[in-house]
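Architecture at a glance
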Amino acid sequence: MSAYRIAVLLPCYNEEAAIAQTVAGFRAALPEAEIYVYDNNSHDRTREIAAAAGAIVRTERMQGKGNVVRRMFADVEADVYVMADGDATYDASAAPELVRRLVEEQLDMVVGARKSEVEEAYRAGHVLGNRLFTGLLSRLFGRTFSDIFSGYRVFSRRFAKSFPALSRGFETETEISVHALELAMPVGEVVTAYGARPEGSESKLSTYRDGWRIMKTILHLYRIERPVLFYGSFGLMLAMVALVLSIPLAITFAQTGLVPRLPTAILATGLIILAFMSFMCGLILDTVVRGRREVRRLAYLSYPAVGNKAA
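Residues numbered from 1 in each chain as written. Predicted model: local features only at pLDDT ≥ 70, side-chain atom pairs only at ≥ 80, totals over all residues. Heavy atoms only, no water.

**Considering the packing of aromatic side chains**
Inspection of every chain in the model, using the stated rule, returns eleven aromatic pairs. For the pair phenylalanine 159 and phenylalanine 163, a centre-to-centre distance of 5.9 Å together with 25° between the ring planes defines the contact as stacked. For the residue pair phenylalanine 159 and phenylalanine 163, the accessibility class agrees, reading buried in each case. Connected via pairs of aromatic rings, a cluster forms that spans Phe73, Tyr81, Phe155, Phe159 and Phe163. When the ring centre of tyrosine 194 is taken as origin, the NZ or CZ atom of arginine 114, which lies over that ring, is 5.2 Å away. (Phe/Tyr/Trp six-rings, centres within 6.5 Å; stacked < 30°, edge-to-face > 60°. Buried < 20%, exposed > 50% of the residue type's maximum accessible area, 1.4 Å probe, protein only. Lys NZ or Arg CZ within 6 Å of the ring centre and 35° of its normal.)

Structure (structure tokens):
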């Protein structure tokens, strides 16, 4: 791995109880790597402890993990990016294997799929939510990962520099997954251990609040990336309602030659028009999305594969 510049990126918010252990773990696992701790307005001694542990400490003032990820990918120059949380829950000793997979197989992302070894590491609500959202993402986008919310990931340079990072909070992992799926990037997964937080360290996640934000992010990305299916579904629903309303009118007209319920006829006609407009909006937006996807693909291809040193 000495032939590659490796950067370990650790977004942190109030992690004074765990950051020294996290930095030490990655220093032992990847001694050739530069370790960056990006502090996100911590109110404790995270910055001081991280600096004392030997990390390069930087600050992102805009609150939210998504904002930190955007800043990290923009600022740090490397061939391989290892991203993890600063709470010492991820197995730092697995990092060389994740990096090896990325380099040898010329992948653009390797996800450290979490396997909990202690009951306290995973909340029951988080396990259920992970399964539900993973299944939903698979249905909406065709393929997915077994752990879409893992914060333990290894990226190539061309992934990091082509990722727009539009999310602000913890939903950034979902956006990262969709970005890889939409551009058909070569990706992989490695099962890694996931442990409980050290004593004195507290989780910043809220099961219901963050779950709702993730749901909105998935639907938002589905609307943007799959406009024909999204708007076509609305159009189909409107067309079916119009059909149900129009059947009695058609039967009455066939029998009497009259349309006695004119308001219903007007409503059915309006629904058909709206259904047609919804479907056409989907077709138009699909053309726009295709153009945007081509631009992102070209930006992605402007960087060489991580294993291609000749480039």
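**Description of unusual backbone geometry**
Its identity is not glycine, yet asparagine 41 carries a phi of approximately 65°, on the positive side. Structurally, asparagine 41 can be placed in the loop between β2 (34–39) and α2 (46–52). One non-glycine residue, glutamine 106, adopts positive backbone phi at about 50°. Looking at where glutamine 106 falls in the secondary structure, it is placed in the loop between α4 (95–104) and β5 (109–116). Classification of glutamine 106 as partly exposed rests on a relative accessible area of 37%. (Helix = DSSP H or I, 4+ residues; strand = E, 2+ residues; numbered from the N terminus.)

**What about helix α3 (residues 65–75)?**
Residues of α3 that are buried include every one of Lys65, Gly66, Asn67, Val68, Val69, Met72 and Phe73, and no others. Looking at the buried positions of α3, the neighbouring elements they touch are β1 (6–12), β2, β4 (80–83), β6 (153–156), α6 (157–162) and α7 (172–182). (Contact = heavy atoms within 4.5 Å.)

Just geometry here; none of it tells us what the structure is for.
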